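# Chain and residue survey
Spelled out, the chains give:
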Amino acid sequence: MSSAVGTTEPSRVWSHPTLGLHALVDASGAVRLGAPGQDWDRLVPLVEVTATGHGRLWSGERFIETAIGERLAYQDHRTVRDGSTERTTIRLADPVTGLATEVTLEAGVGFLRAGVRLVNEGVEPVRLESVTTLTLGGISDPGTGVDGLTLHWADNSWLAECRWRRARFRDEVVALNRSAHGHEGRGCFDRYSQGSWSTGRHLPVAALTDRDGGAWLCQIESSAGWRFETGEREGAAYVALFGPDDAHHQWHQTLAPGEEFRTVPAVLVRAESGGLDAAFATLTDYRRAIRRDHPDHRQLPVIYNDYMNTLMGDPTTERLLPLIEAAAGAGAEVFVIDAGWYDDDAQGWWDSVGAWEAAPARFPGGIQEVLDAIRKHGMTPGLWLEPEVVGVRSPLADSLPPEAFFRRGGLRVTEHGRHHLDLRHPAARAHLDEVVDRLVGEWGVGYLKLDYNINIGPGTEHGTESAGAGLLGHHRAHLDWMAGLLDRHPQLVLENCGSGGLRMDYAQLAVAQLQSTSDQQDPLRYPPIAASAGTAAAPEQAAVWAYPQPDQSPDEIAFTLTGALLGRIHLSGFLNRMSDGQLGLVRSALSVYQDLRAEIAAAHPFWPLGLPGWEDEWIAQGLRGARSTYVTVWRRELDGAADCALAVPHLRGAPVDPVVLYPATADAEVEWDAAEGRLTVSLPRAGTALLVRLGGS
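Notes on the structure in this doc start here.

## Points about the nonpolar core
Ranked by internal contacts, the top residues of the largest apolar core, which has 165 residues, are Trp14, Leu128, Phe228, Phe335, Trp341 and Leu448. A per-element tally of this core places helix α12 (residues 467–488) first, with ten residues. In terms of nonpolar packing, the next biggest core, distinct from the first, is built from 20 residues, Ala154, Phe280, Leu283 and Ala536 among them.

In structure tokens:
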């Protein structure tokens, strides 16, 4: 289906009333995406492209207002409907370079997902340097324009994941008096990844909210470079979402005539009211819709992992067998042997990994003795694996072909004692397929924790490709490899881990079943991470450590367990050394979790105190389920009052009877004010937490 071009006023080629968006084409053929009622000049070209020899029309830090973006002209569009989803492809063309562009807009309930395909239909090569996946202009507060907007983003780093920040839009994008200068500023607010840890600096998620509770929330789905940009255009805000680019990721790609390039996907969520809570509810539903179906998402088994604050990479048969028995007795359903099971090297395992064979000295009776013990106790055995790396002292560093590894400047890349496999190479993929098929098919392992503990930098330069293009190629091959494992082993569960939460993106979480949220070992530092994990992953994919220990008090044991009850429990700790009373606290927590987990898989996260600050004394996280609402509350310090009031507006007016599900040892009191939709929690001691169930949805 197509639309005529040539009218004086821009005409509509696509619209989505629920999102309040439409795409308009003017007499020149330019297409722009924005909200109805916004002036044409406030909107941004549907696709922005920089290419060598074809840069920007206004130089600066912004990657909009590009020469190619301004020239791209409408050709036609087509729409396909599939249930509640509508997919429209808009074709554009640049008469100068011959670039043909297909923009696919997939609209669902409250969201718009986009992807761009570029084809060189010209006669000369085109060297791409940046391409937007999605651009949107005309964002403003209904009453105050951009002055009423608030910007939200999340810093992310090792041991300190999901740290959400907020600032007035005007604090980050200052007013410059455009009429006095005749142009917009040269700057913008942006956040981007660096190297192969996609979330080593920030989450690929950001938002703009207005004073009336409206929210625009976006997510970029890439493990190989991404960038979010916002700024001002004609008195309104714009948003531009990118995969890798040359300036930030050393990505460029030359398209010879006939060649094509596809961007990474990105999604935009719109909530007309309810702010970030409403927007994240829609994003959670979207995340569930795009991921690979797997029974783990519905079963949510309790996972015991021997690593955190316990064996710490030093497993042996002697140490594992008592833990296996204790974990099963507490209620665990999966038992994971973490790092070190392959270590039989006097110099240590870090720089010798790659073969993934069990260490005979660690398992005198063979590792099968331990795996059989796990199965005998009714649990699924799991193993830790770091598949993309090969230690510099590993025999595989010499036996695999040089082309199977990352290289830059003709040299093999080395980082922290490791080389990096390029999974586009058949030898690298065959090696890892053999490893996993042996562990799963022969050893009977049903769970793999796939870790990633180095940042390899911008990528690999095999042939004439740029480093960033090499990283993107490997990233796509890595996703295909994981999907292939699940095709061959449909019951296998894959956990995505990157030194905790340093590759927490929905390119990988659309394939993997779980996401490690952190390596944080201090139970008092974990609550802001656990509470905010629902911003990075669906609750049933967010694995939170709970590591009770025999030397902890009842409050401390309950504190670390409570924080995992609204996500995925990653239980650890020396359970075999605990007293009956201490084990009773563990069993009680797991029993509560097993009773409520069926609701987690369809529930929506919300934050009764707002997204937490890193040093907040009181922190709260909620899940809004079909039958009940659950709220976890932590009190970390004693600086303030012993009471905390939490807003639960969706239950305002409901005759709720709050019930403390866990623990029974915190001396907690709860009170519900139906008229205000407010839950008041009293925790008289620091370092305590509780889980409350509220009736209603």
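Next comes the rest of the write-up.
## Focus: the packing of aromatic side chains
If you walk through the whole model with that rule in mind, you get 16 aromatic pairs. Centre to centre, the rings of Phe280 and Trp607 are 5.6 Å apart; their planes meet at 70°, and the pair counts as edge-to-face. Taken together, the residues span a long stretch of sequence, with Phe280 in helix α5 (residues 275–290) and Trp607 in the loop between β33 (604–606) and β34 (618–624) at a distance of 327 residues. Comparing Phe280 with Trp607 shows no difference in burial state: the two are buried. Seen in terms of ring centroids, Tyr304 and Phe335 are 5.0 Å apart; in terms of plane orientation they differ by 20°. Their pairing is stacked. Of this pair, Tyr304 sits in strand β21 (residues 303–305) while Phe335 sits in strand β22 (residues 334–337), and the two are 31 residues apart along the sequence. Phe335 carries the same exposure label as Tyr304, and that label is buried. An aromatic cluster is defined as three or more aromatic residues linked by ring pairs; in this entry it consists of Trp341, Tyr342, Trp349, Trp350, Trp356, Trp384 and Trp443. Over the face of the ring belonging to Phe63 we find Arg56, whose NZ or CZ atom lies 4.8 Å from the ring centre. The side chain of Arg186 reaches across the aromatic face of Trp58, ending 3.9 Å from its centre.

## Some thoughts on the sheet that holds strand β28 (residues 447–450)
Spatial ordering of the closed barrel is given by β21-β22-β23-β28-β29-β30-β31-β32, a layout of eight strands whose pairing is parallel. Averaged over neighbouring strand pairs, the angle between their axes works out to 30° when direction is ignored.

## Here we look at the side chain of Thr562
Inspection of the secondary structure puts Thr562 in helix α14 (residues 554–562). Setting aside residues up to four positions removed in sequence, Thr562 forms contacts with Thr632, Tyr662, Pro663, Ala689, Leu690 and Leu691.

## Topic: the environment of Thr254
Assignment of secondary structure puts Thr254 in strand β18 (residues 253–255). Counting along the chain gives 125 residues from Thr254 to Glu129, while the straight-line C-alpha distance between them is 8.8 Å. Apart from residues lying up to four places away in sequence, Thr254 is in contact with Pro125, Val126, Arg127 and Glu259.

## Description of α5
Side chains that are three or four residues apart share a direction in an α-helix, a result of its 3.6 residues per turn. Its 16 residues place the ends of α5 23 Å apart at the C-alpha level, agreeing with the 22 Å of an ideal helix rising 1.5 Å per residue. Among all positions in α5, only Gly275, Leu276, Ala279, Phe280, Ala281, Thr282, Leu283, Thr284, Tyr286, Arg287 and Arg288 are buried.

## Re the state of the cysteines
Each disulfide consists of a covalent bond between the sulfur atoms of two cysteine residues. Applying the stated criterion to the full structure yields zero disulfides. Cys188 provides the cysteine sulfur closest to Cys218, a residue in no disulfide bond, and the two sulfurs are 13 Å apart. Cys218 sits in the buried class, given a relative accessible area of 5%.

## Considerations on the pattern of salt bridges
A side chain with one charge may pair with a side chain of the opposite charge, provided their charged atoms come close. Throughout the structure, instances matching the rule amount to 48 salt bridges. For Glu260, the salt bridge identified is with Arg117, shortest N-O distance 2.9 Å. Linking Glu260 in strand β19 (residues 260–262) with Arg117 in strand β9 (residues 111–120), this pair joins segments that are 143 residues apart in sequence. Since its relative accessible area comes to 35%, Glu260 is described here as partly exposed. We note a salt bridge from Arg525 to Glu615, for which the minimum N-O separation is 3.2 Å. One end of the pair, Arg525, is in the loop between β30 (514–516) and α13 (527–532); the other, Glu615, is in the loop between β33 and β34, with 90 residues separating them in the sequence. Take Arg525: its relative accessible area is 28%, and that puts it in the partly exposed class. Ionic contacts of the salt-bridge type, sharing partners, join the residues Glu102, Arg117, Glu260 and Arg262 into one network.

## Regarding the sheet that holds strand β39 (residues 678–682)
Taken in spatial order, the three strands make up an open sheet running β36-β39-β38, and their pairing is antiparallel. Looking along the sheet, the strands with just one partner apiece sit at the ends: β36 (643–647) and β38 (669–673). The sheet shows a mean angle of 20° between the axes of neighbouring strands, taken without regard to direction. Across five bridges, the pairing between β38 and β39 is antiparallel. Residue pairing for β39: Val670 is matched across the bridge by Val681.

## Some points on helix α8 (residues 317–330)
For α8, spanning 14 residues, the distance from its first C-alpha to its last is 20 Å, which sits close to the expected 20 Å at 1.5 Å a residue. Taken as a whole, α8 has its buried residues at Thr317, Leu320, Leu323, Ile324, Ala326, Ala327 and Ala330. Where α8 is buried, its residues touch β21, α7 (307–311), β22, α9 (367–376) and α15 (580–600). Where α8 terminates, the next one or two residues include Gly331, which has phi positive at roughly 120°.

## Concerning the packing of α8 against α9
Helices that pack against each other are described as a pair by the angle of their axes relative to one another and the distance between those axes. As a packed pair, α8 and α9 sit with axes 10 Å apart at the nearest point and diverge in direction by 5°. Between α8 and α9, the angle falls in the class roughly parallel. Between α8 and α9, the contacting residues are Thr317, Leu320, Leu321 and Ile324 on the first element and Glu369, Val370, Ala373 and Ile374 on the second. Its residues assigned to classes, the contact of α8 with α9 shows six nonpolar, one polar and one charged.

## Overview of the pairing of strand β32 (residues 568–571)
The side-chain alternation of β32 yields two buried faces, one formed by Arg568 and His570 and the other by Ile569 and Leu571. Bridge analysis of β21 against β32 gives two bridges, and the strand direction is parallel. Looking across to β32, one finds that Tyr304 is bridged to Leu571. Bridge count for strand β31 (residues 542–546) against β32 is four bridges, and the pairing is parallel.

Scoring rules and cut-offs
Residues numbered from 1 in each chain as written. Predicted model: local features only at pLDDT ≥ 70, side-chain atom pairs only at ≥ 80, totals over all residues. Heavy atoms only, no water. Core = buried A, V, L, I, M, F, W, Y, C linked by side-chain atoms within 4.5 Å. Buried < 20%, exposed > 50% of the residue type's maximum accessible area, 1.4 Å probe, protein only. Helix = DSSP H or I, 4+ residues; strand = E, 2+ residues; numbered from the N terminus. Phe/Tyr/Trp six-rings, centres within 6.5 Å; stacked < 30°, edge-to-face > 60°. Lys NZ or Arg CZ within 6 Å of the ring centre and 35° of its normal. Pairing = 2+ DSSP bridges. Axes fitted to C-alpha atoms, helices over the stretch in contact; angles between N-to-C directions. Contact = heavy atoms within 4.5 Å. Expected span 1.5 Å × (residues − 1). Disulfide = S-S within 2.5 Å. Salt bridge = Lys/Arg side-chain N within 4 Å of Asp/Glu carboxyl O. Parallel < 35°, antiparallel > 145°, perpendicular 65-115°, else oblique. Nonpolar A, V, L, I, M, F, W, Y, C, P; charged D, E, K, R; others polar.

Take it as geometry only, folks, not as evidence of what the structure does.
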